[in-house]
Amino acid sequence: MRGTITQDSLQQVLDHYSAGDWNAERVLITGDLIQDDSAEAYERFRELLLPLNMRMHCVPGNHDVRELMRAACVRPPFSYCAKEEIGDWLLVGLDSCIEGEAGGEVAAEELDRFDEIVAASDAKHVMVCLHHPPIPLGSTWLDTVKLKNGDELLQRLQQSGRVRLLIFGHVHQPYDGEHNGIRIIGTPSTCRQFKPGSDDFAVDERSPAYRRIQLGADGSIDTQLIWIDA
Ligand SMILES: [Fe+2]
């Protein structure tokens, strides 16, 4: 992919995590797992991540193939657009993809599914994971492929009164903001990055990255972005 072997850069990220002393309990993977539309790529993805030996929540991105990804990611320890209660937190994965388009939209049925999941839970705090950002990032080309109904999504999330955090992928650069009490966080890719603030498509020379997120019982969110060359 643009001069980088993505399997190698993902492995570097995994090795960086394994060499550190920070032990996660879950992995959140926010889409665009593969590029070549093959079932074999998803199997390779599974093999690479399985040694982490923990539950891994996956949501699809615009480069994924839903049927192939679902088949690979519904098999434990992976899950696909799933929900899970962990202590005081409820975690919900949403599908924001539109077949054949780079931009996204959370469909009405998916918004309803979210409301039902939250209504059935006593968790005090909710974290939402999806691929597309619900807000503009100030990058002209990327903002044309964000979530089409970001305002609608954020309004629905706010109505629940319990959503504290939304994380997304897609943009290959860091983002950390807030919208009416909901923290909104984007994380760079495990492969190549895009240049922030760019009007046209442009790659950045920064290293692969991942993010640590710690969720407090009081609803607090502690997060640290890890560039693997830092
Ligand atoms: Fe994407």
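What you see is a predicted model; the values in this text were computed from it and never measured.

Looking at where Arg212 falls in the secondary structure, it is placed in strand β12 (residues 209–215). It is 5.5 Å that separates the C-alpha atoms of Arg212 and Thr223, two residues lying eleven residues apart in sequence. Ignoring sequence-local partners within four residues, the contact set of Arg212 consists of Trp22, Asp222, Thr223, Gln224 and Ile226.

This paragraph deals with the packing of aromatic side chains. In this structure the tally under the stated criterion is five aromatic pairs. Considering the side-chain rings of Trp141 and Phe194, the 5.1 Å spacing of their centres and the 70° angle between planes classify their relative orientation as edge-to-face. With Trp141 in helix α5 (residues 140–143) and Phe194 in strand β10 (residues 193–194), this pair connects stretches of sequence that are 53 residues apart. Its relative accessible area of 8% is what places Phe194 among the buried residues. What links up through ring pairs into an aromatic cluster is the set Trp141, Phe194 and Phe201.

The next point concerns the packing of helix α4 (residues 108–119) against helix α6 (residues 150–160). Two elements in contact, α4 and α6, have axes separated by 11 Å at closest approach and are oriented at 15°. With respect to their mutual orientation, α4 and α6 come out roughly parallel. Judged by the sense of rotation from one axis to the other, the crossing of α4 with α6 is right-handed. In this structure, α4 contributes Leu111, Asp112, Phe114, Asp115 and Val118 to the contact, and α6 contributes Glu152, Leu153, Arg156, Leu157 and Ser160. Looking at side-chain class alone, the contact of α4 with α6 contains five nonpolar, one polar and four charged residues.

With that settled, the discussion passes to the coordination of the iron ion. With distances of 2.1 to 2.2 Å, the protein atoms coordinating the iron ion are Asp32 (OD), Asn62 (OD1), His131 (NE2) and His170 (ND1). Its four donor atoms give the iron ion angles of 85 to 161° at the centre, a pattern that matches the irregular case. Donor residues for the iron ion, ordered by position in the chain, follow D-x29-N-x68-H-x38-H. With Asp32 in the loop between β1 (26–29) and α2 (39–49) and Asn62 in the loop between β2 (55–58) and α3 (66–73), this pair connects stretches of sequence that are 30 residues apart. Judged by relative accessible area, Asp32 falls into the partly exposed class, the value being 22%.

Let us now look at unusual backbone geometry. Trans is the prevailing form of peptide bonds, just as negative phi is the prevailing case for residues other than glycine. Look at the link from Pro76 to Pro77: it is a cis peptide, with omega at 10°. Mapping Pro77 onto the fold places it in the loop between α3 and β3 (78–80). Of note in this structure, Cys81 is not a glycine but carries a positive phi near 45°. Tracing the backbone through its elements, the reader meets Cys81 in the loop between β3 and β4 (83–86). Although it is not a glycine, Asn180 sits at a positive phi angle of roughly 45°. Here Asn180 shows up in the loop between β8 (175–179) and β9 (182–186).

One ladder, built from seven bridges, connects β12 with strand β13 (residues 221–227); its direction is antiparallel. If you follow Tyr210 over to β13, its bridge partner there is Ile226. Counted along the chain from β12 to the antiparallel partner β13, the turn is five residues long, and its residue Gly219 has a positive phi close to 90°.

Turning next to the sheet that holds strand β7 (residues 163–168). Sheet architecture is open: six strands sit in the order β4-β5-β6-β7-β9-β8, paired in mixed fashion. The open sheet has two edge strands with one neighbour each: β4 and β8. Along the sheet, successive strands turn relative to each other by an average axial angle of 15°, direction set aside. In this structure, strand β5 (residues 89–93) lies alongside strand β6 (residues 125–129), joined through five bridges in parallel fashion. When the sheet's bridge partners are listed, Gly93 is paired in β6 with Cys129. Contacts from α4 reach β4, β5, β6 and β7, with the element oriented near 160° to β5. In the packing of α6 onto the sheet, the strands contacted are β6, β7, β8 and β9, and the crossing angle to β7 comes to about 150°.

A few words now on the sheet that holds β2. Sheet architecture is open: three strands sit in the order β1-β2-β3, paired in parallel fashion. Sheet topology places β1 and β3 at the edges, where each strand pairs with a single neighbour. The sheet shows a mean angle of 20° between the axes of neighbouring strands, direction not considered. Pairing of β1 with β2 involves four bridges; the strand directions are parallel. Paired with Ile29 across the two strands is Cys58, which belongs to β2. Packed on one face of the sheet, α2 meets β1, β2 and β3 and runs near 135° to β3. α3 contacts β2 and β3 of the sheet and is inclined by roughly 140° relative to β3.

Reading the values: the criteria
- Residues numbered from 1 in each chain as written.
- Predicted model: local features only at pLDDT ≥ 70, side-chain atom pairs only at ≥ 80, totals over all residues.
- Heavy atoms only, no water.
- Helix = DSSP H or I, 4+ residues; strand = E, 2+ residues; numbered from the N terminus.
- Contact = heavy atoms within 4.5 Å.
- Phe/Tyr/Trp six-rings, centres within 6.5 Å; stacked < 30°, edge-to-face > 60°.
- Buried < 20%, exposed > 50% of the residue type's maximum accessible area, 1.4 Å probe, protein only.
- Axes fitted to C-alpha atoms, helices over the stretch in contact; angles between N-to-C directions.
- Parallel < 35°, antiparallel > 145°, perpendicular 65-115°, else oblique.
- Left-handed = near helix turned anticlockwise from the far one by under 90°.
- Nonpolar A, V, L, I, M, F, W, Y, C, P; charged D, E, K, R; others polar.
- Donors = N, O, S within 2.8 Å, 3.2 Å for Na, K, Ca; no water.
- Tetrahedral: all angles 85-135°; square planar, octahedral: opposite > 155°, others 65-115°.
- Pairing = 2+ DSSP bridges.

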